[in-house]
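# Coordinates in review
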Amino acid sequence: MLVLMMIPMIYKGMCPNCGGEITSERLEIGVCEKCLKEKDVFEKLKLCEKLREEEILKHLKNYCRMWNEFKEFEEFAKSLGYELLSIQKMWAKRVLKNKSFSIVAPTGVGKSFFGILMSLFLAKKGKRCYIILPTTLLVKQTYEKMLSLIENCPNIKVVAYHSELSTKEKKEAKERIENNDYDVLITTSNFLTKNMPNCRFDFVFVDDVDALLKASKNIDRTLKLLGFDEEIINEAYKIIYLIKIGKIENAMKMREILKEKVAKIKHGCLIIASATGKSYGDRVKLYRELLDFEIGFGMNKLRDVVDIYDEEFSKEKILEYIKLFGSGGIVFVSIDYGVEKAQEIEKYLLDNNIKAKLIHSKDKKGFDDFREGEIDVLIGVASYYGVLVRGLDMPERVRYAIFYGIPKFKIRLKEYINSLKEKGELKEDIDIEGKTEEETRQIITEKLNIKNFSLRKEDDEYLLLIPDVKTYIQASGRTSRMTEFGLTKGASIVLVDEKDIFEALKKHLLFMYESEFKRIDGINLEELIKKIDEDREKIKVGR
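Quantities reported herein were computed from a predicted structural model and do not represent experimental measurements. (Residues numbered from 1 in each chain as written. Predicted model: local features only at pLDDT ≥ 70, side-chain atom pairs only at ≥ 80, totals over all residues. Heavy atoms only, no water.)

## What to know about the overall build of the protein chain
The helix and strand tally for the protein chain stands at 21 helices and 20 strands. Reported as C-alpha extents along the three principal axes, the dimensions of the protein chain are approximately 85 × 70 × 45 Å. In the protein chain, which comprises 543 residues, the share counted as buried stands at 52%. If you sum the accessible surface of the protein chain, you get close to 27500 Å²; carbon and sulfur atoms cover 48% of it. Computed over 95 positive and 91 negative side-chain charges, the separation of the two mean positions in the protein chain equals 4 Å. (Helix = DSSP H or I, 4+ residues; strand = E, 2+ residues; numbered from the N terminus. Buried < 20%, exposed > 50% of the residue type's maximum accessible area, 1.4 Å probe, protein only. Areas by Shrake-Rupley, 256 points an atom, 1.4 Å probe, with all protein chains shown as cover. Lys, Arg positive; Asp, Glu negative; His and termini not counted. Charge placed at Lys NZ, Arg CZ, Asp CG, Glu CD.)

## Some remarks on the packing of helix α10 (residues 230-244) against helix α11 (residues 248-263)
As a packed pair, α10 and α11 sit with axes 8 Å apart at the nearest point and diverge in direction by 155°. Between α10 and α11, the interaxial angle falls into the category roughly antiparallel. For the pair α10 and α11, the sense of crossing is left-handed. Facing I232, E235, A236, K238, I239, L242 and I243 of α10, the residues of α11 in contact are I248, N250, A251, M252, M254, R255, L258, K261 and V262. Taken together, the residues of the contact of α10 with α11 break down into 11 nonpolar, 1 polar and 4 charged. (Axes fitted to C-alpha atoms, helices over the stretch in contact; angles between N-to-C directions. Parallel < 35°, antiparallel > 145°, perpendicular 65-115°, else oblique. Left-handed = near helix turned anticlockwise from the far one by under 90°. Contact = heavy atoms within 4.5 Å. Nonpolar A, V, L, I, M, F, W, Y, C, P; charged D, E, K, R; others polar.)

## Description of the state of the cysteines
Summed over all chains, the structure comprises 1 disulfide. A sulfur-sulfur distance of 2.1 Å marks the disulfide that ties C48 to C64. Of note, the bridge from C48 to C64 carries an S-S torsion of about -85° and is left-handed in sense. In this pair, C48 sits in helix α1 (residues 44-53) while C64 sits in helix α2 (residues 61-79), placing the two residues 16 residues apart along the sequence. Using a relative accessible area of 1% as the deciding quantity, one classes C48 as buried. Judged by relative accessible area, which is 0%, C64 ranks as buried. Looking at C18, it has no disulfide partner, and the nearest cysteine sulfur is the one in C32, 3.6 Å off. In this structure C18 comes out as partly exposed when scored by relative accessible area, which is 25%. (Disulfide = S-S within 2.5 Å.)

## A few points about unusual backbone geometry
Within the chain, D292 stands out as a residue other than glycine whose phi angle is a positive 65°. Topologically, D292 is positioned in the loop between α12 (286-291) and β9 (305-310). One non-glycine residue, N353, lies in positive phi territory at about 65°. With respect to the secondary-structure elements, N353 resides in the loop between α14 (338-351) and β11 (356-358). Under the relative-accessibility criterion, N353 is labelled partly exposed at 41%.

## A few points about helix α5 (residues 136-149)
Over its 14 residues, α5 runs 20 Å from end to end, which matches the ideal 20 Å to within 8%, given 1.5 Å per residue. Every buried residue of α5 is listed here: T136, V139, T142, M146 and L149. All buried residues of α5 fall inside an arc of 150° around its axis, so they share one side. Facing away from the buried side of α5 by more than 90 degrees, the exposed set consists of L137 and E144. (Expected span 1.5 Å × (residues − 1). Arc of directions from axis to C-beta.)

## Remarks on the pattern of salt bridges
Evaluated as defined, the whole model comprises 40 salt bridges. Between R283 and D220 there is a salt bridge whose closest N-O contact spans 2.7 Å. With R283 in the loop between β8 (269-274) and α12 and D220 in helix α9 (residues 217-226), the pair connects residues that are 63 residues apart, well separated along the chain. Both residues of the pair, R283 and D220, belong to the buried class. Beyond isolated ion pairs, a larger network of salt bridges with shared partners links D336, K408, R456, D497 and E498. (Salt bridge = Lys/Arg side-chain N within 4 Å of Asp/Glu carboxyl O.)

## What to know about the side chain of D207
Inspection of the secondary structure puts D207 in strand β7 (residues 203-207). K111 is the oppositely charged side chain nearest to the buried, salt-bridge-free D207, at an N-O distance of 5.9 Å. For D207, the side chain forms a polar contact with the side chain of S112, separated by 2.3 Å. In contact with D207, other than residues within four places in its own chain, are S112, I132, L133, P134 and A273. (Polar contact = N/O pair within 3.5 Å; in protein donor to acceptor, adjacent residues only side chain to side chain.)

## Considering the pairing of β8
Within β8, 6 of the 6 residues are buried, leaving the element largely enclosed by the surrounding structure. Here β8 shows a buried face lined by C269, I271 and A273 and a second buried face lined by L270, I272 and S274. Of the strand pairs in this sheet, strand β3 (residues 101-104) and β8 are connected by 4 bridges, and their pairing is parallel. Counted as the bridge partner of F101 is I271 from β8. Two elements, β7 and β8, share 5 bridges in a ladder whose sense is parallel. (Pairing = 2+ DSSP bridges.)

Next comes the structure, spelled out in structure tokens:
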């Protein structure tokens, strides 16, 4: 097996502070020699201090500000008697970078309490916050919790409005809301539907998306509270409409213009917490266009993957792409080819000096070696519950995925028809015995009402093949993960084995995820690989 030696490299434009050249050895230090002569590895805040002392703190200014504020937030939580969970630390870093996002997590992981802590911390720094809750009971409990926490911070003003206040208390609370006499406002989403606060908020925390979306106009209201006006909201909605009617190119042009406008707006940060992640309608997509996040389908729908296809289906193509993209890949073999084909591909890659390892349910060894860079490529079968499809979360390592064949369901046609007969779901008797392939296709289309499929014959029996869209999204999503530095960019290359099924996959991807497959010859691979690597370097330097 070929053993690769580490060759020192120079990265152009990759010094995170000055934007100049940086060597691979200096990446561990964090900045280039021009920024800092010393060769010692410093803790993040110490590095920021050194750069400030040398009066050469440039592009890292916001990064250093965020880390200072994050340490302050950690100390603030400790002063109240709380140790932040690792996931709460990740949320905090994103808020302090003013990155809006949705939290899709079950109850009990600290979503609501995080909203309280962050609101108090920001209010202490002179910022205005709004907590929106689904019920009166939760408003009361949150208000009481806040009061117990701010005994040592008497300057923080909190106003809560709910239906169980007395007439006098309601009048006083409304007057304070109208006069903006508060640092933290707590209400139900129903209150927001009927009463629009007349100020801009630095931080809005929504607990329970379902309650908020009972009135779709609440989406517009939350955006206005953050600093977006009616005109820019309408522009964003026009993009959503253009995508819906299939005018993708026009929508993309408008999106680029909108991004430039949004970059000039000093808007607040929005967190939407949910236990299920369900959301409905087109208007909720305004969050995607203006705040760069989505609700619904949890993390699955949150992806920054360039979907690529190549119509040349062969093992040789797998090797070609691995040599092009380098270490940090996953090869997914379509389930209809089985573990045997995956083993064959593993042997082929090993024979060609690629450090590859097949991972399946009976042989999970190799994850640690892959993490440490001792293995370059993992191989697995594309199954929705497969260990590589669902069990791999290494944003700093996984850069790209190659699909040997489209992920698909393989169904024995005769068994499928018999099962429908047993359930009484067939209106007429269907018999495919002795039928030609063309006749069988007609039966599937007209009598079984299946439109997007392919047929394959094995052992004189027809196999019905249909695209497994969920597995494709889940598997390709291994290349694009959410980190405290944002979503990592990834690449997914599909080697097309069945054109009919691929057309169906393309339609599903465009309809469900508004993502288009691009031909390999239409991709600037050099630029793509550069962006993929930049995102991984951010993680290495940041951590």
